[in-house]
Amino acid sequence: MAGKPVRPVNAIDQTRRMLSLVTYLRERPGARIEDVARAFGITEDELVSDLDVLPMCGTSFRGGDLLDIDTDGERIWWHNPAALGADAAEPLRLAADEATALLVAARAVATLPGLRESDRQALLRATAKVETSAGEAAGASSRLSVTFESEGGVFADVDRAISERRRLWIRYYSPARDEVTEREIDPIRLVSVGHTYVEAWCRRSEARRTFRLDRVAEIRILDEPSAPPEVELRDLSEGLVQPAAEDPEVVVEVGPGGRWVAEYYPHDSADELPDGGLRITLRTPDPASLRRLALRLGRDGRIVSPPALADSARQAAREALAAYDGTGTAGAVDGRHDRQEHAR
């Protein structure tokens, strides 16, 4: 089902789908991936992503209690369906450490700003039941607390906006330009690729953009409905940007002020330099586009190879300085070219 338009999804929707998926697969051993994806109205990639999570679920984290579900790429096989059968339905008993971890996490989540009140109340009721069942084992949890960093509140607001199909206003920090911009976005989905991002339709640029949550300085849920245009689902399992193996190799060296390049650009390696900078080896289908990064970095970076590109970057820097009637030292690495502008 590749090419299916992206639908707004959130963690709660995915959890509900996965619970239904367990029942569906139990009744259909050897189900075909394409049939299951069609039945749930999702892409095959989304289904495989769910299947990667299910083996971490079960009645406990011990022994054979986890779901033994895998796929050969065509069919889905559940090797221990009895793990959730009537014969295995023993009363769930939490060890003291399990009860403590569960209760501390539940109380912390209940404090998240942006959490829907109905969800908060449901979580508090469930927490009270766990406390009663855990008995003395729950005592330690009352002496512990967890405070989420600001990203947690941003996540909750984004998740809520996706669920309620509402537009967001954000103030977003871009380290590449060292500036904070304001923009309205129609959120599409939350993704985690090393960091947590929201993929959205940006009304300022009128294009799809991906924003890293820990760089959102301020966020508000607007009354205006979210209406992103239909866009094709991108497979982000290998990263936000995925250069091809045959793309030309470029080596750049950046100082401490240019270390952000390693965060924005997929790279083969990033070796530490004595001055606190990095020597970054990356691939790009258009090496010449890196000249813009050279101008942006200035003294904080330089292209090492290929030599022709390094010479071209230095020449571009000289021309830019001449145009502004200034002086300085040519740098080396270009600002995010269009293919890699994933967190604008």
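A quick note: this is a predicted structure, and the numbers were derived from the prediction, not measured.

(A) Just the nonpolar core, in detail. Counting 19 residues, the largest nonpolar core has V250, V261, Y265, I280, L290, L293 and I303 as the members making the most contacts within it. Among the elements of the structure, β8 (249-254), α7 (261-264), β10 (278-283), α8 (291-297) and α9 (307-323) are those that each provide at least two residues to this core. Non-local contacts of V250, meaning those with residues more than four positions away in its chain, are made with I280, T281, L282, T284, P287, L290, I303, S305, P306 and L309.

(B) The arrangement of the packing of helix α2 (residues 33-40) against helix α3 (residues 44-53) in detail. At a minimum axis distance of 9 Å, the contact between α2 and α3 shows a crossing angle of 100°. Regarding the angle of α2 to α3, the classification is roughly perpendicular. For the pair formed by α2 and α3, the contact residues are I33, E34, V36 and A37 on the first element and E44, L47 and V48 on the second. The class makeup of the residues in the contact of α2 with α3 is 5 nonpolar, no polar and 2 charged.

(C) Geometry of unusual backbone geometry. Omega for the bond connecting S305 with P306 falls within 30 degrees of zero, at 0°, which places this linkage in the cis form. Its location among the elements puts P306 in the loop between β11 (301-305) and α9. The backbone of R165 shows a phi angle near 55°, a positive value even though the residue is not glycine. Relative to the elements of secondary structure, R165 occurs in the loop between α6 (150-164) and β3 (166-174). Phi at E206 takes a positive value of approximately 50°, unusual for a residue other than glycine. In this fold, E206 is placed in the loop between β5 (195-202) and β6 (207-212). Given a relative accessible area of 45%, E206 falls into the partly exposed group.

(D) Just the pattern of salt bridges, in detail. According to the stated counting rule, one finds 22 salt bridges in the structure shown. Between R166 and E164 there is a salt bridge; the shortest N-O distance is 2.7 Å. Residues joined by salt bridges that share partners form a network here, namely R167, E184, D186, R203, E206 and E224.

(E) Seen up close, the sheet that holds β8. The strand order β9-β10-β8-β11 describes an open sheet built from 4 strands, whose pairing is antiparallel. Strands at the two margins of the open sheet, each flanked by one partner only, are β9 (269-272) and β11. Taken over all neighbouring pairs, the strand axes of this sheet differ in orientation by 20° on average, direction set aside. Examined bridge by bridge, β9 and β10 share 4 bridges and lie antiparallel to one another. Pairing of E272 across the sheet is with L278, part of β10.

(F) Layout of the confidence of the model for the chain. Overall, the predicted model of the chain reaches an average pLDDT of 75, with 70% of residues at or above 70. Per-element confidence in the chain ranges from a low mean pLDDT of 75 for helix α4 (residues 96-110) to a high of 92 for strand β7 (residues 216-225). With pLDDT under 50 throughout, residues 326-344 is counted as low confidence; its partners more than four residues away or in other chains account for 87 contacts.

What counts and how
Residues numbered from 1 in each chain as written. Predicted model: local features only at pLDDT ≥ 70, side-chain atom pairs only at ≥ 80, totals over all residues. Heavy atoms only, no water. Core = buried A, V, L, I, M, F, W, Y, C linked by side-chain atoms within 4.5 Å. Buried < 20%, exposed > 50% of the residue type's maximum accessible area, 1.4 Å probe, protein only. Helix = DSSP H or I, 4+ residues; strand = E, 2+ residues; numbered from the N terminus. Contact = heavy atoms within 4.5 Å. Axes fitted to C-alpha atoms, helices over the stretch in contact; angles between N-to-C directions. Parallel < 35°, antiparallel > 145°, perpendicular 65-115°, else oblique. Nonpolar A, V, L, I, M, F, W, Y, C, P; charged D, E, K, R; others polar. Salt bridge = Lys/Arg side-chain N within 4 Å of Asp/Glu carboxyl O. Pairing = 2+ DSSP bridges. pLDDT = per-residue confidence, 0-100.

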